[in-house]
Amino acid sequence: MADSPRVLTAPHVLEYPYTRSVGPILGRFFGGLRDRRIFGIGARDGRVIVPPQEFDPLTAEALDEFVEVGSAGVVTTWAWVREPRTHQPLTHAFAWALIRLDGADTAMLHAVDAGDESAMRTGMRVTARWRDETQGDIHDIVCFDPEIATTAGGGH
Amino acid sequence: MARAGRRDVAVVAFAQTAYVRSESERNEVEMLMPVIAEAIERSGIPRSDIGFTVSGSCDYLAGQPFAFVNALDAVGAWPPIRESHVEMDGAWALYEAWVRLQCGDIDSALVYAFGKSSLGEIRDVMTLQLDPYCVAPLTPDSISIAALQARALLDSGRYSEHDFAAVAVRNRRDAKSNAAAQVSGDFDTDTLLAEPYIVSPLRMHDCPPISDGAAVIVLAAGDLATRASSRQAWITGIDHRIEAQPLGARDLTQSPSTTLAAEHAGAHDAAIDVAELHAPFAHQELILRDALRLDDGVRINPSGGALAANAMMVAGLARVGEAAQRIIGGEAHRALAHATAGPCLQQNLVCVMSAEAG
Amino acid sequence: MSDDVTTISTPIRLDYTYTAGVAASRFLTSVAEGRLIGQRCPQCAKVYIPPRGGCPTCGVATEEEVQVADRGTVTTFCIVNIPFPGQAIRPPFVAASVLLDGADIAIFHLLQEVDVADARMGMRVEAVWAPRDEWQPSMESIRYFRPTGEPDAAYDTYKEHL
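The rules behind each value
- Residues numbered from 1 in each chain as written.
- Chains lettered and ligands numbered in written order.
- Predicted model: local features only at pLDDT ≥ 70, side-chain atom pairs only at ≥ 80, totals over all residues.
- Heavy atoms only, no water.
- Helix = DSSP H or I, 4+ residues; strand = E, 2+ residues; numbered from the N terminus.
- Rg over C-alpha atoms; globule rule 2.2 N^0.38 Å.
- Buried < 20%, exposed > 50% of the residue type's maximum accessible area, 1.4 Å probe, protein only.
- Contact = heavy atoms within 4.5 Å.
- Areas by Shrake-Rupley, 256 points an atom, 1.4 Å probe, with all protein chains shown as cover.
- Lys, Arg positive; Asp, Glu negative; His and termini not counted.
- Charge placed at Lys NZ, Arg CZ, Asp CG, Glu CD.
- Buried area = accessible area lost by both parts, 1.4 Å probe.
- Salt bridge = Lys/Arg side-chain N within 4 Å of Asp/Glu carboxyl O.
- Polar contact = N/O pair within 3.5 Å; in protein donor to acceptor, adjacent residues only side chain to side chain.
- Nonpolar A, V, L, I, M, F, W, Y, C, P; charged D, E, K, R; others polar.
- pLDDT = per-residue confidence, 0-100.
- Expected span 1.5 Å × (residues − 1).
- Pairing = 2+ DSSP bridges.
- Axes fitted to C-alpha atoms, helices over the stretch in contact; angles between N-to-C directions.
- Parallel < 35°, antiparallel > 145°, perpendicular 65-115°, else oblique.
- Patch = residues over 30% accessible without salt bridge, like charges linked within 9 Å, V, L, I, M, F, W, Y side chains within 5 Å.
- Phe/Tyr/Trp six-rings, centres within 6.5 Å; stacked < 30°, edge-to-face > 60°.
- Lys NZ or Arg CZ within 6 Å of the ring centre and 35° of its normal.

K.L.:
Help me out: how do you make sense of the overall build of chain C in this one?
P.N.:
Along chain C, the regular secondary structure elements total one helix and ten strands. Counting from the amino terminus, chain C carries its helices and strands in the arrangement β-β-α-β-β-β-β-β-β-β-β. The C-alpha atoms of chain C give a radius of gyration of 20 Å, which is well past the 15 Å a tight globule of 162 residues would have. With the C-alpha coordinates aligned to their principal axes, the bounding extent of chain C is approximately 75 × 40 × 35 Å. Counting across all 162 residues of chain C, residues that qualify as buried make up 43%. Here the contacts in chain C between residues at least 6 apart in sequence split such that 53% fall between residues at least 24 apart. Per element, the accessible surface of chain C, about 8,300 Å² overall, is 51% carbon and sulfur. Between the mean site of the 14 positive side-chain charges and the mean site of the 21 negative ones, chain C shows a separation of 4 Å.

Shown next, in the form of C-alpha cells:
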C-alpha cells in the first residue's frame with residue numbers, strides 16, 4: 001500500500017441568521033427592554049420570575065401576571081473574564097454575573113463592567129446601562145455598572 | 001424508578017479509545033470502529049445477535065446536521081438493525097437501552113458514544129445549549145458558566161479554591177493508572193494555585209481537558225448475561241432527573257436532581273465501594289459528593305474522571321464503563337456511576353451496579 | 001408602553017476544521033492524481049467508493065484499495081428544474097447516480113452533453129476531467145459525465161445496485 005497521504009482538512013463555517021418568534025410572554029419582556037423597563041412574571045406562589053417564564057415552574061400552569069421590577073439589583077454570583085471572547089458583551093475585561101433585580105426572586109445573567117476584578121463581590125449592587133437606541137432584545141441592556149453609593153453607609 | 005417486575009440487565013463489556021486532544025487523522029467512524037469491535041468481542045455475543053443499538057453524540061461537535069448517522073458505518077447495519085440515537089451523552093443512550101431491554105423481546109444492546117471536540121471551539125459550541133432568547137445571545141462560554149457555579153460554592157463557605165485544586169490533583173494522580181487517560185501525573189496543589197485564572201475562580205487545572213474519543217458498552221439481560229460472560233456488573237438501579245433551565249432560578253451549590261436520581265436508583269440501599277462521578281469541573285465533584293452523601297469510605301474516580309479525559313457525549317458513558325469495570329475486575333462489589341448534561345449540573349443520571357443481580 | 005416585541009434576531013456562527021479522515025483523504029488525494037480509488041470489504045468483497053474506512057453493512061474495517069474505472073452506468077437520475085442560490089449550472093440539468101465499472105455502489109455527479117430528455121437508466125457514461133493542471137483533492141476534478149455512445153447496459157448488470 002502507498003504511504004499514507006496527509007489527512008485533508010478544510011475550514012467549515014456553520015452560520016444561520018435565525019429570527020425567533022418570542023411569543024407573548026417574552027414579547028412583553030423584550031417590549032419592556034425597548035422602553036428601558038424590565039418586566040418579570042408572578043408565579044403561583046407569589047415569587048417574581050425574571051426573565052419571565054411562560055409556565056409556573058412548580059405547578060406548570062400558564063402564567064400571565066406581569067410585574068415590573070427595578071433596573072438595579074444585587075449580584076448573587078459572578079465570574080471574572082480577563083480575556084473576552086468574540087461577541088461577548090464587552091471587549092475589555094468584565095464580569096459575568098447573575099443579578100437579582102429589585103423586586104425579583106430569580107436572577108438573570110448579564111455582564112458587569114466593574115473595571116477590575118477587585119471591584120466585584122457577591123452582594124454588590126449594580127444598575128443597568130441601556131443602549132442608546134433600543135431594539136427589543138437582551139442587548140438593549142449593554143451591561144450593568146456598579147451602583148455608586150450616594151450616601152454615607154449606603155454602600156456595603 | 002419502579003423496580004418490581006424488572007428484568008436484570010448487566011454490563012458485560014466496556015471499551016474506549018485512548019483519549020487525545022485531537023484525533024488528527026481518523027474521522028469519527030475510523031475512531032469508533034475498533035472500539036466497537038473490541039467491545040463486541042469482549043462481550044462474547046456475536047454481532048448478529050445484538051438486539052438493539054443506540055448511540056449518544058452531538059452533531060454540533062462536527063458542525064454537520066445528521067453527522068451521527070455516518071457513525072452507523074462502524075456498526076454494520078445489514079440486515080437492518082433496531083437502532084436509536086440520543087443527542088446526549090452516551091449514558092442516556094445506555095438508559096434507553098436499559099429501558100428497551102425491559103420489554104423482554106431482546107436480550108442484548110450495543111451502546112456507543114463518540115465525539116471529536118477538536119473540530120470546533122468547544123467552549124463556544126456549548127454556548128448554544130443555553131436559553132436562546134435571553135442568555136445565548138450574550139455568548140457566555142462554557143467555562144464562564146461553570147465559573148459562576150464555582151464562585152457560588154466558594155461564597156457558601158463550604159469549600160475553598162484549595163479544595164478544588166486538591167480534587168484536580170487526586171484525579172490526575174489516579175489517572176496515571178488509566179491507559180486511556182489524556183491528562184495524568186503528579187501535580188502540586190500550591191504550584192497549581194499560583195497559576196492565573198482562566199475565568200475566575202477557575203484555573204486551568206479546575207477545567208476538563210478537551211478530548212476526542214469514543215466509548216462502547218454491551219448490555220445483556222438475564223441468562224444471556226451469565227452465559228456470555230463469566231463476570232458482569234448488574235445494573236440494580238438507574239434513574240435520571242433534570243432541574244429548571246434558568247441558571248438564576250437554581251441553587252447552583254446543590255444538586256437536588258442528583259440526590260433524587262440516586263434515591264430512585266437505590267444508591268443507598270447498601271454500601272458503595274466505588275463512585276465514578278462525571279464532574280468536568282473540579283468544584284462539581286464536591287457538589288456531587290455532597291448530593292450523593294458519599295463518605296470517605298468511597299473511592300471516587302479511580303479512573304481520573306472527567307478531569308483526566310472529557311470527550312463530550314462520551315465521558316458520562318465512560319463513567320458507567322469504568323465503574324462496571326471495577327466490579328467485573330473484582331475490585332468492587334457495588335459501584336455508582338454518574339453522568340451529567342446541561343450547564344452547571346442541570347441534568348443528572350445515576351446508575352448503580354453490583355456484582356450480584358437484583 | 002409600546003407594543004410587545006414579536007421576533008428577535010439571534011444569528012449564530014461556529015467555525016470548524018473539518019477532517020476528512022484517513023480513507024477519504026486517500027481517496028481525494030488519488031482524485032487529484034486522476035485516479036478513482038475504492039476500498040474492498042474483506043468480508044463481503046464489495047467495493048465502496050468513495051471509501052469510508054469501513055464496510056457499512058459488515059461493520060468491519062476496509063483497507064484493500066481497488067482502482068475503479070472513470071466510466072460506468074447510470075443507475076438512476078433526476079432532472080433539476082429549480083434554480084437555487086449557489087447553483088453552478090443553469091437548470092434544467094441532470095444529476096445522476098453513476099455505477100463506475102468495478103465499484104459496487106454508485107457515486108453522484110452531473111450528466112452533461114446530453115439532452116435532459118434523453119437521460120435514462122442504463123446509459124453508459126464516461127468522466128470528463130478538468131484540465132490536468134486544475135486537478136485537486138475534490139470531485140470537481142471531474143467536470144461531469146457524458147454518454148460514451150456504447151449500447152445501454154443491461155438492467156441485470158446494475159439491478160442489484162439501485
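K.L.:
Would you explain the interface of chain C and chain B in this entry?
P.N.:
Interfaces are often sized by the accessible area lost when the parts come together. Counting from both sides, the interface comprises 23 residues of chain C and, opposite them, 31 residues of chain B. Buried area between chain C and chain B, summed over both chains or domains, comes out near 1,800 Å², and the portion from carbon and sulfur atoms is 58%. Looking at the side of chain C facing chain B, the largest losses of area belong to Leu 14, Tyr 16 and Arg 52 of chain C, adding up to 30% of the total buried there. Our count for the contact surface shared by chain C and chain B stands at one salt bridge. In this structure, Asp 73 of chain B and Arg 52 of chain C form a salt bridge, with 2.3 Å as the shortest nitrogen-oxygen distance. Our count for the contact surface shared by chain C and chain B stands at eight residue pairs in polar contact (both at pLDDT 80 or more). Those elements that provide at least two residues to the side of chain C that touches chain B are β2 (12-19) and α1 (21-31) of chain C. Residue composition of the side of chain C that touches chain B, by class: 13 nonpolar, eight polar and two charged.

K.L.:
Explanation requested: the confidence of the model for chain C in the structure shown.
P.N.:
Close inspection of predicted coordinates is inappropriate for parts of the model with low pLDDT. Put simply, chain C has an average pLDDT of 94, and 99% of its residues get 70 or more. Both scores are given for the predicted complex: the pTM is 0.94, the ipTM 0.93.

K.L.:
Just to check I follow, could you spell out helix α4 (residues 90-101) of chain B for this structure?
P.N.:
Residues and elements named next belong to chain B. When the terminal C-alpha atoms of α4 are compared, their 16 Å separation across twelve residues agrees well with the 16 Å that a helix rising 1.5 Å per residue should span. Of all the twelve residues making up α4, ten are buried; the element is thus mostly covered by neighbouring parts of the structure. The backbone nitrogen of Ala 91 has a side-chain oxygen 2.8 Å away, supplied by the residue at the start of α4, namely Asp 89.

K.L.:
Hey, could you run me through the interface of chain A and chain C in this one?
P.N.:
Listed by partner, the interface residues are 35 residues for chain A and 29 residues for chain C. Both faces considered, chain A and chain C share a buried interface measuring about 2,600 Å² in area, 57% of it formed by carbon and sulfur atoms. Counting the contacts that link chain A with chain C gives two salt bridges. Glu 15 of chain A is the salt-bridge partner of Arg 13 of chain C, the closest N and O atoms lying 3.7 Å from each other. The interface formed by chain A and chain C contains 13 residue pairs in polar contact (both at pLDDT 80 or more). Only β1 (9-16), β2 (19-21) and α1 (23-34) of chain A provide two or more residues apiece to the side of chain A that touches chain C. Of the residues contributing to the side of chain A that touches chain C, the split by class is 16 nonpolar, ten polar and nine charged. When β1 of chain A meets β2 of chain C, the two strands line up antiparallel, connected through eight bridges. Among the inter-strand pairings, Ala 10 of chain A is bridged to a residue of β2 of chain C, identified as Tyr 18 of chain C.

K.L.:
Just to check I follow, could you spell out the packing of helix α7 (residues 161-174) of chain B against helix α11 (residues 282-291) of chain B for this structure?
P.N.:
All names here are of chain B. At a minimum axis distance of 8 Å, the contact between α7 and α11 shows a crossing angle of 95 degrees. When the axes of α7 and α11 are compared, the pair comes out roughly perpendicular. Mapping the contact onto sequence places Asp 163, Phe 164, Val 167, Ala 168, Arg 170 and Asn 171 in α7 and Ala 282, His 283, Glu 285 and Leu 286 in α11. Residue composition of the contact of α7 with α11, grouped by class: five nonpolar, two polar and three charged.

K.L.:
I would appreciate a short explanation of the sheet that holds strand β1 (residues 9-16) of chain B in the present structure.
P.N.:
Within a beta sheet, neighbouring strands are joined by backbone hydrogen bonds and run either parallel or antiparallel to one another. Residues and elements named next belong to chain B. Within the open sheet, the ten strands sit side by side as β3-β2-β4-β7-β1-β8-β12-β11-β9-β10. Their pairing is mixed. The strands lining the two open edges of the sheet, one partner per strand, are β3 (83-86) and β10 (299-300). The sheet contact formed by β1 and strand β7 (residues 212-221) spans seven bridges and is antiparallel. When the bridges of β7 are listed, Ala 13 appears paired with Val 218. On top of the sheet, helix α13 (residues 315-328) reaches β1, β4 (108-116), β7, β8 (233-242), β9 (274-276), β11 (334-341) and β12 (347-354); it is set at about 175 degrees to β11, its chief contact.

K.L.:
Where do I start with the pattern of salt bridges in this structure?
P.N.:
Proximity of charged atoms lets side chains of opposite charge pair with each other. For the structure shown, the criterion picks out 43 salt bridges over all chains. Taking the shortest distance from any N to any O, the salt bridge between Glu 121 of chain B and Arg 85 of chain A comes out at 3.4 Å. Note that Glu 121 of chain B is positioned in the loop between β4 and α5 (122-125) and Arg 85 of chain A in the loop between β6 (72-81) and β7 (94-101), a pairing that runs across two chains. Of the charged contacts in the structure, one is a salt bridge between Asp 107 of chain B and Arg 7 of chain B, with a shortest N-O distance of 2.4 Å. Taken together, the residues Asp 107 of chain B in the loop between α4 and β4 and Arg 7 of chain B in the segment before β1 connect sequence positions 100 residues apart. Residue class for Asp 107 of chain B comes out partly exposed when judged on its relative accessible area of 34%. For Arg 7 of chain B, a relative accessible area of 22% gives the class partly exposed. Each of the salt bridges in this network shares a partner with another, and the network as a whole consists of Arg 71, Asp 101, Glu 113, Arg 124, Glu 126, Arg 146 and Glu 150 of chain C.

K.L.:
Explain α11 of chain B here, please?
P.N.:
Since there are 3.6 residues in each turn of an α-helix, residues three or four apart along the chain are aligned in direction. All names here are of chain B. Burial within α11 is extensive, with eight of its ten residues counted as buried. Within the span of α11, buried status applies to Ala 282, His 283, Gln 284, Glu 285, Leu 286, Ile 287, Leu 288 and Ala 291. The positive-phi residue at the C-terminal boundary of α11 is Arg 293, with phi of around 55 degrees.

K.L.:
Sorry, what's going on with a nonpolar patch on the surface here?
P.N.:
A contiguous nonpolar surface patch, about 320 Å² in accessible area, is contributed by Met 121, Tyr 155 and Leu 162 of chain C. Classification of Leu 162 of chain C as exposed rests on a relative accessible area of 56%.

K.L.:
Can you help me understand the packing of aromatic side chains in this one?
P.N.:
Aromatic rings considered in pairs are described by the distance between their centres and by the relative angle of their planes. Counting across every chain of the model gives eight aromatic pairs over all chains. Ring plane angle 45 degrees and centroid distance 5.6 Å describe the contact between Tyr 16 of chain A and Tyr 18 of chain A, whose orientation is recorded as tilted. On the accessibility criterion, Tyr 18 of chain A (33% relative accessible area) is partly exposed. Sitting over the ring of Tyr 18 of chain A, Arg 20 of chain A keeps its end group 5.1 Å from the ring centre. The side chain of Arg 151 of chain B reaches across the aromatic face of Trp 78 of chain A, ending 4.0 Å from its centre.

K.L.:
Before we go on, may I ask you to explain the environment of Asp 56 of chain A in this structure?
P.N.:
Residue and element names in this part refer to chain A. Positionally, Asp 56 belongs in the loop between β4 (48-49) and β5 (66-69). For Asp 56, a relative accessible area of 6% translates into the label buried. As for Asp 56 and Arg 44, which are separated by twelve residues in sequence, their C-alpha atoms are 6.7 Å apart. Once residues lying within four places of it in the same chain are set aside, the contact partners of Asp 56 are Ala 43, Arg 44, Asp 45, Glu 61 and Leu 63. Side-chain polar atoms of Asp 56 contact the backbone nitrogen of Leu 58, separated by 2.7 Å.

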